[in-house]
Amino acid sequence: MRKVVKFGGSSLASAEQFKKVEAIIRADEARVYVVPSAPGKRNSKDTKVTDMLLHVYATACDGKDITAEMEAIKARYNEIIEGLGLKNFSLDADFEEIANSLKTEPEKDYTASRGEYLNGKIMAAYLDIPFIDAKDVIFFNEDGKLNTYKTQRMLGAKLAENPRAVVPGFYGMGKNGKVKTFSRGGSDVTGSIVAQAGRVDVYENWTDVSGFLTADPRIIPNPKPIKYITYRELRELSYMGASVLHEDAIFPVRQVGIPINIRNTNIPTDEGTW
Ligand code: ASP
C-alpha cells in the first residue's frame, strides 16, 4: 500500500502544525509522497504566505521598496525552521534569489509559487527525504492547461526513482520555460497528479475539517462528516462552492480509480470522507 499525502496551508502554518504533520506521516509507512501547500493562516487575522507573496509582487511592479514585505515573509519561514530545530538549514539563498527576481523582472506566478517551493524544502529537510521541484516534473501547454502526457511520463519516471519524496503543490513549468501556477487552491490538483503518476493506492488530502460535512459549518453548528461520497457528487459540491477540494483535483485520480480520503490534521483519528 502506498499513499500520497497532501497537506493544506492551515496544516503547515507553524512549526507546531509541521510537528502534527510529521507524526501523521510517521504513523503510516504507506505515506510515501508528500505534497505541501504554502503556510496558511495561524489564526483568523493572519495572512496566507501566498497572499503576502502576491502583495510583494504588486509592490515590486509599482517600483516600490520590497524590503519590509520580504522580511515579513522570511520571518514566517524562519519561525518554522527554528521551531522545528532544523540545524544547518537555511532559506537565505532562496530569499535572495526571489528578491533579485522581484527587483529585476517580477513574475507573478513564479513569485506566488515560492510559498509551496520554500515549504517543500523545509518539509524535505525535516523528514529527511528527497525534494522534487515541481517545475521539473509538471508541465503546462501553451493554452495554460496541464500537459498530461508529458507530466505523467516525467513525473512517473521521477517517482519511480524515488520511493519517498516531497513534491511542492500549486505550480509547474509553463510552455515558455517559466514557472506557472494552477488557480488558487491548486495544491489539491498537484496531489491528485502525483497520486496518478505514482500509481498509489490512496490520495489522502489533509485539511482542517474532518471531511465533507452535511452542511456549511459557518451556518449550521457541528454538522456531521459524510463518510462516503461519489466522485460525481464531490465534483458537483466543489463546483457549487464547497471549498474543501479544488474541482480539478478529481479528474486525475478518478481516471485511474484512486480513492480520495479527506482528513483532519488536527483530529487525525477522525476517518474523514472517502
Ligand atoms: N497556496 C496556494 C493558495 O493559497 C495554493 C494552495 O494552497 O493550494 O491558493
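Residues numbered from 1 in each chain as written. Predicted model: local features only at pLDDT ≥ 70, side-chain atom pairs only at ≥ 80, totals over all residues. Heavy atoms only, no water.

1. As for the overall build of the chain
Reasoning step 1: Regarding its fold elements, the chain presents nine helices and seven strands.
Reasoning step 2: Taken over the C-alpha trace, the chain has a radius of gyration of 18 Å; the compact-globule value for 274 residues is 19 Å, and the two agree within 12%.
Reasoning step 3: Burial analysis of the chain (274 residues in total) assigns 51% to the buried set.
Reasoning step 4: Intrachain contacts of the chain at a sequence separation of at least 6 include 72% that bridge at least 24 residues.
Reasoning step 5: For the chain, the exposed surface amounts to about 13200 Å²; the carbon and sulfur share of it is 50%.
Reasoning step 6: Of the charged side chains in the chain, 37 are positive and 37 negative, and the gap between their average positions amounts to 3 Å. (Helix = DSSP H or I, 4+ residues; strand = E, 2+ residues; numbered from the N terminus. Rg over C-alpha atoms; globule rule 2.2 N^0.38 Å. Buried < 20%, exposed > 50% of the residue type's maximum accessible area, 1.4 Å probe, protein only. Contact = heavy atoms within 4.5 Å. Areas by Shrake-Rupley, 256 points an atom, 1.4 Å probe, with all protein chains shown as cover. Lys, Arg positive; Asp, Glu negative; His and termini not counted. Charge placed at Lys NZ, Arg CZ, Asp CG, Glu CD.)

2. Concerning the sheet that holds strand β6 (residues 202-207)
Reasoning step 1: Read across the open sheet, the five strands follow the order β3-β2-β1-β6-β7; overall the sheet is parallel. With one partner strand each, in any of the chains shown, β3 (165-166) and β7 (260-264) form the two edges of the open sheet.
Reasoning step 2: Of the strand pairs in this sheet, strand β2 (residues 31-36) and β3 are connected by two bridges, and their pairing is parallel. Bridge pairing in β3 links Tyr 33 to Ala 165. (Pairing = 2+ DSSP bridges.)

3. Topic: helix α7 (residues 187-197)
Reasoning step 1: Taken across its 11 residues, α7 has 11 buried, putting it largely inside the fold.
Reasoning step 2: The set of residues buried in α7 consists of Ser 187, Asp 188, Val 189, Thr 190, Gly 191, Ser 192, Ile 193, Val 194, Ala 195, Gln 196 and Ala 197.
Reasoning step 3: Just beyond α7, the residue with positive phi is Arg 199, at close to 50 degrees.

4. Here we look at the pattern of salt bridges
Reasoning step 1: One pass over the structure, following the stated rule, counts 20 salt bridges.
Reasoning step 2: Across the salt bridge formed by Asp 92 and Lys 74, the nearest N and O atoms sit 3.8 Å from each other. In this pair, Asp 92 is assigned in helix α4 (residues 92-104) and Lys 74 in helix α3 (residues 67-83), connecting sequence segments 18 residues apart.
Reasoning step 3: For Asp 92, a relative accessible area of 38% gives the class partly exposed.
Reasoning step 4: A salt bridge links Lys 135 to Asp 136; the nearest nitrogen and oxygen atoms lie 3.4 Å apart.
Reasoning step 5: Taking relative accessible area as the criterion, Asp 136 reaches 41% and is therefore assigned partly exposed.
Reasoning step 6: Among the ionic contacts, a cluster of salt bridges with common partners joins Lys 3, Asp 28, Arg 31, Glu 204 and Arg 263. (Salt bridge = Lys/Arg side-chain N within 4 Å of Asp/Glu carboxyl O.)

5. Observations regarding the site of the ligand
Reasoning step 1: Around the ligand lies a shell formed by Ser 37, Thr 50, Glu 116, Phe 170, Arg 184, Gly 185, Gly 186 and Ser 187.
Reasoning step 2: At a separation of 3.3 Å, an oxygen atom of the ligand approaches a polar side-chain atom of Ser 37.
Reasoning step 3: A distance of 2.8 Å separates a nitrogen atom of the ligand from a polar atom in the side chain of Thr 50.
Reasoning step 4: In isolation the ligand exposes 260 Å². Once the protein is present, 91% of that is buried.
Reasoning step 5: Among the residues making up the shell around the ligand, the classes are represented as one nonpolar, five polar and two charged. (Near = heavy atom within 4 Å. Polar contact = N/O pair within 3.5 Å; in protein donor to acceptor, adjacent residues only side chain to side chain. Nonpolar A, V, L, I, M, F, W, Y, C, P; charged D, E, K, R; others polar.)

6. Some thoughts on the environment of Tyr 171
Reasoning step 1: Tracing the chain through its elements places Tyr 171 in strand β4 (residues 171-173).
Reasoning step 2: Relative accessible area serves as the criterion here: at 0%, Tyr 171 is assigned to the buried category.
Reasoning step 3: Sequence-wise, Tyr 171 and Gly 156 are 15 residues apart; in three dimensions their C-alpha atoms are separated by 17 Å.
Reasoning step 4: Side-chain polar atoms of Tyr 171 contact the side chain of Asp 133, separated by 2.6 Å.

7. Here we look at the packing of aromatic side chains
Reasoning step 1: Counting across every chain of the model gives five aromatic pairs.
Reasoning step 2: Both rings, one in Tyr 117 and one in Phe 131, keep their centres 5.6 Å apart while their planes meet at 85 degrees; by these two values the pair is edge-to-face. Note that Tyr 117 is positioned in helix α5 (residues 108-127) and Phe 131 in the loop between α5 and α6 (148-161), a separation of 14 residues in sequence.
Reasoning step 3: Given a relative accessible area of 25%, Phe 131 falls into the partly exposed group.
Reasoning step 4: Seen from the ring of Tyr 117, Arg 114 lies directly overhead, with NZ or CZ sitting 4.2 Å from the centre.
Reasoning step 5: Here the guanidinium or amino end of Lys 150 rests over the ring plane of Phe 139, the centre of that ring lying 4.2 Å away. (Phe/Tyr/Trp six-rings, centres within 6.5 Å; stacked < 30°, edge-to-face > 60°. Lys NZ or Arg CZ within 6 Å of the ring centre and 35° of its normal.)

8. A look at the environment of Ala 13
Reasoning step 1: For Ala 13, the position within the fold is in the loop between β1 (3-7) and α1 (15-26).
Reasoning step 2: A sequence separation of 208 residues divides Ala 13 from Pro 221, and the C-alpha atoms of the two residues are 25 Å apart.
Reasoning step 3: Contact partners of Ala 13, with chain neighbours within four places excluded, come to Pro 39, Gly 40, Lys 41, Arg 42, Arg 76 and Ile 80.

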